Structure formats: C-alpha cells, structure tokens
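Descriptive analysis of the structure
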Amino acid sequence: DEKGVQRIYAFAPLASTLRDCQVSVVLEIPKELALTASRRIFARNVALLVVSALIAVLSIWWASDVFILRRVRAMVRASRQLAAGDMSARIGKIGVRDELSHLAAVFDEMAASLQERIAREVQVMASLEQSREQLRNLAAYQQEVREQEKIRIAREVHDQLGQSLTIMSMDLTWIKKHFSNRSSKIDEKISGMFNVIEDALERLHTVTAELRPVILDDFGLAAAIEWQVEEYSKRIGIECRMEPTGFEPDLPKGQTTAIFRIFQEILTNIMRHAQA
C-alpha cells in the first residue's frame, strides 16, 4: 500500500444497478495477518515432527540397548572372564531366541567343554606328578637298598676275608718263628706269601672302601672327598688338588652318599674320557 506495508488484495467486478459504469469490490488484508494461521500450523507440525523424531530415536536406542547392546556386553564380559582364567564364566539366557542367543549358547557349550578338558588335564597332571613322586621315592629307596647292601657286603668281606688273611699271616709268622732249620727257598716262599697277603689286605681295603668308605660315615663328606682325591692320585697318577673351604652343609645321609657317588663318577669320567 501507500505506506509500504505488504498486503494481500482480492477483487471482483460487480454489476451495479445504480450506476452505469464498471464497479469492483476490493478486499485487502495485511500479509502477516493472512499468514499467521498457516505459520502457526507449520510451527506446530515442525514441533510435532521433532518430538516424534526424538521419541523414535529414544525408542531405537532403548530397543538396541535392550535387544542388542546389553546382550553383546554380556558376551564380551563372559569372554573376558574366560580369557582371564575363570572357566566357570557363562553367558546364560539373554532374551529372545535369535542369532545372538544361538551364539551365546554355542559360547556356553564351548566354555563348558573347555572347563571339562582343563579339569581332565589338571587331573592327569596331578596323576603324573604323583607317579613322578612315586618314581623318585622308588629310586631313592633303591639307592638306599643298594647302599645298605654295599655296607653289608663291605662288612662281611672285611670281617671274613680280612680275618682269614690275618690268621694266615699269623700262621706264617708262627711257622717262621718255630722252624729255624729251613732252607733259603722256604724263607723266600714265606716272604712271598707275606707279600701276597699284604697285597691282598691292601686290595681288600680298597674294595671295601669303594663299596662303602667308612670315612664318609665317621668324618663326613669333605673328609671322604679329600680321601678319594688322594686315593685317585695314587692309583691313577693324575695330579689332583683339593682346596677345602671349611664349609660343610649338614645334609641327610642319603644326600651325602649321592654327592659322594657323583664325585666318584666325575673322577672315573676324567680317567676314561678326559685324556688328562
């Protein structure tokens, strides 16, 4: 209009009986007033659309959390517990029967099978460890029996054979003393018999010491090793030197015997293989 206000105009011609000329009817309304209702309806529709969209998003989020995310989190939690070593971890029932429920059931079956397998392995390992312990006890018992048998044989050999050789030496001494009228051949024979008896006694001492050195029981491991080094040097001719430290642990008899036997085997291996 003349004031610059936007208006909407509507007009229509009319037939007038009063005037013989063109007559029109004109209606006008400001544009803002004409569009108020439509704008209000548009704003309401937009608000309804936003609310509907928000409700839809919240519904989708809730549905995904209830039917998907919670179930996935339960599966992840059970998987982590299983990976951490908790073989009793299970997912259980997680809602309706679908692919996720089927996957959870398969996971639970796998976990149960794994738990059963590990239980069997633990039982087998326990049985194996028990068998190893029994074998160790049996080996220790056999070693103890061998050592006891060596002690018995050494004592019998030393007592019986040593006594016999000593009696023979005393008899030869008595013969040498009471038979003065004897030839030089007889004296030579008697001297040879004395040498044989002394050599037999020395060999007897060596054999009994190898079977079970008395010094090991009477004076301990360090003294027995020192004696073995001296005997080894005398018998084999390989120079040996022992540097005692003055320390000797208080070990059980079985361990002391085992260490001494290991040391004897070391010297034997040196003699056989080291080309010393």
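For the structure itself, look to the data block above.
Here's what I pulled together on the structure shown here. (Residues numbered from 1 in each chain as written. Predicted model: local features only at pLDDT ≥ 70, side-chain atom pairs only at ≥ 80, totals over all residues. Heavy atoms only, no water.)

This part covers the overall build of the protein. Regarding its fold elements, the protein presents six helices and two strands. N-terminal to C-terminal, the α/β element order of the protein is β-β-α-α-α-α-α-α. Against the 2.2 N^0.38 benchmark of 19 Å for 276 residues, the protein shows a C-alpha radius of gyration of 57 Å, more extended than a compact globule. Along the first, second and third principal axes, the C-alpha set of the protein runs to 205 × 45 × 30 Å. When each of the 276 residues of the protein is scored for burial, the buried share is 17%. Looking at the protein alone, contacts between residues at least 24 apart form 51% of all its contacts between residues at least 6 apart. Roughly 21,600 Å² of accessible area belongs to the protein as shown, and the carbon and sulfur atoms make up 61% of that amount. (Helix = DSSP H or I, 4+ residues; strand = E, 2+ residues; numbered from the N terminus. Rg over C-alpha atoms; globule rule 2.2 N^0.38 Å. Buried < 20%, exposed > 50% of the residue type's maximum accessible area, 1.4 Å probe, protein only. Contact = heavy atoms within 4.5 Å. Areas by Shrake-Rupley, 256 points an atom, 1.4 Å probe, with all protein chains shown as cover.)

Further remarks concern the pattern of salt bridges. If you walk through the whole model with that rule in mind, you get six salt bridges. What emerges from the salt-bridge pattern is a single network uniting Glu-129, Glu-133 and Arg-136. (Salt bridge = Lys/Arg side-chain N within 4 Å of Asp/Glu carboxyl O.)

Time to look at the nonpolar core. With 12 residues, the main nonpolar core is built from Ala-209, Leu-216, Leu-221, Ala-224, Ile-225, Trp-227, Val-229, Tyr-232, Ile-238, Phe-260, Phe-263 and Leu-267. Of all the secondary-structure elements, those providing two or more residues to this core are α5 (221-236) and α6 (253-273). Per element, the largest residue contribution to this core is six residues, and it comes from α5. If you look at the next biggest cluster of nonpolar residues, it comprises 10 residues, including Ala-74, Met-75, Leu-82 and Met-87. (Core = buried A, V, L, I, M, F, W, Y, C linked by side-chain atoms within 4.5 Å.)

Side chains of Trp-61, Trp-62, Phe-67, Ile-68, Leu-69, Val-72 and Val-76 sit close together on the surface and give an oily, nonpolar patch of about 680 Å² of accessible area. On the secondary structure map, Val-76 appears in helix α1 (residues 31-83). (Patch = residues over 30% accessible without salt bridge, like charges linked within 9 Å, V, L, I, M, F, W, Y side chains within 5 Å.)

A few words now on the environment of Tyr-232. Tracing the backbone shows Tyr-232 in helix α5. Tyr-232 sits in the buried class, given a relative accessible area of 2%. Placed 32 residues apart in sequence, Tyr-232 and Gln-264 show a C-alpha to C-alpha distance of 9.3 Å. Once residues lying within four places of it in the same chain are set aside, the contact partners of Tyr-232 are Gly-237, Ile-238, Cys-240, Leu-267, Ile-270 and Met-271.

Mapped onto the fold, Thr-256 is located in helix α6. With residues near it in sequence (within four places) discarded, Thr-256 still touches Leu-216, Leu-221 and Leu-251.

What follows concerns the packing of α5 against α6. Packing of α5 against α6 leaves a shortest axis separation of 11 Å and a crossing angle of 20 degrees. By the angle between their axes, α5 is roughly parallel relative to α6. Crossing of α5 against α6: the hand is right-handed. Taking contact as the criterion, the partners of Leu-221, Ala-224, Ile-225, Trp-227, Gln-228, Val-229, Tyr-232 and Ile-236 in α5 are, on α6, Thr-256, Ile-259, Phe-260, Phe-263, Gln-264, Leu-267, Ile-270 and Met-271. For the contact of α5 with α6, the class distribution of residues is 13 nonpolar, three polar and no charged. (Axes fitted to C-alpha atoms, helices over the stretch in contact; angles between N-to-C directions. Parallel < 35°, antiparallel > 145°, perpendicular 65-115°, else oblique. Left-handed = near helix turned anticlockwise from the far one by under 90°. Nonpolar A, V, L, I, M, F, W, Y, C, P; charged D, E, K, R; others polar.)

Our focus in this paragraph is the side chain of Gln-264. Within the secondary structure, Gln-264 is located in helix α6. Among the residues examined, Gln-264 registers a relative accessible area of 11% and is labelled buried. A polar side-chain atom of Gln-264 sits 2.8 Å from a polar atom in the side chain of Arg-261. Once residues lying within four places of it in the same chain are set aside, the contact partners of Gln-264 are Glu-210 and Gln-228. (Polar contact = N/O pair within 3.5 Å; in protein donor to acceptor, adjacent residues only side chain to side chain.)

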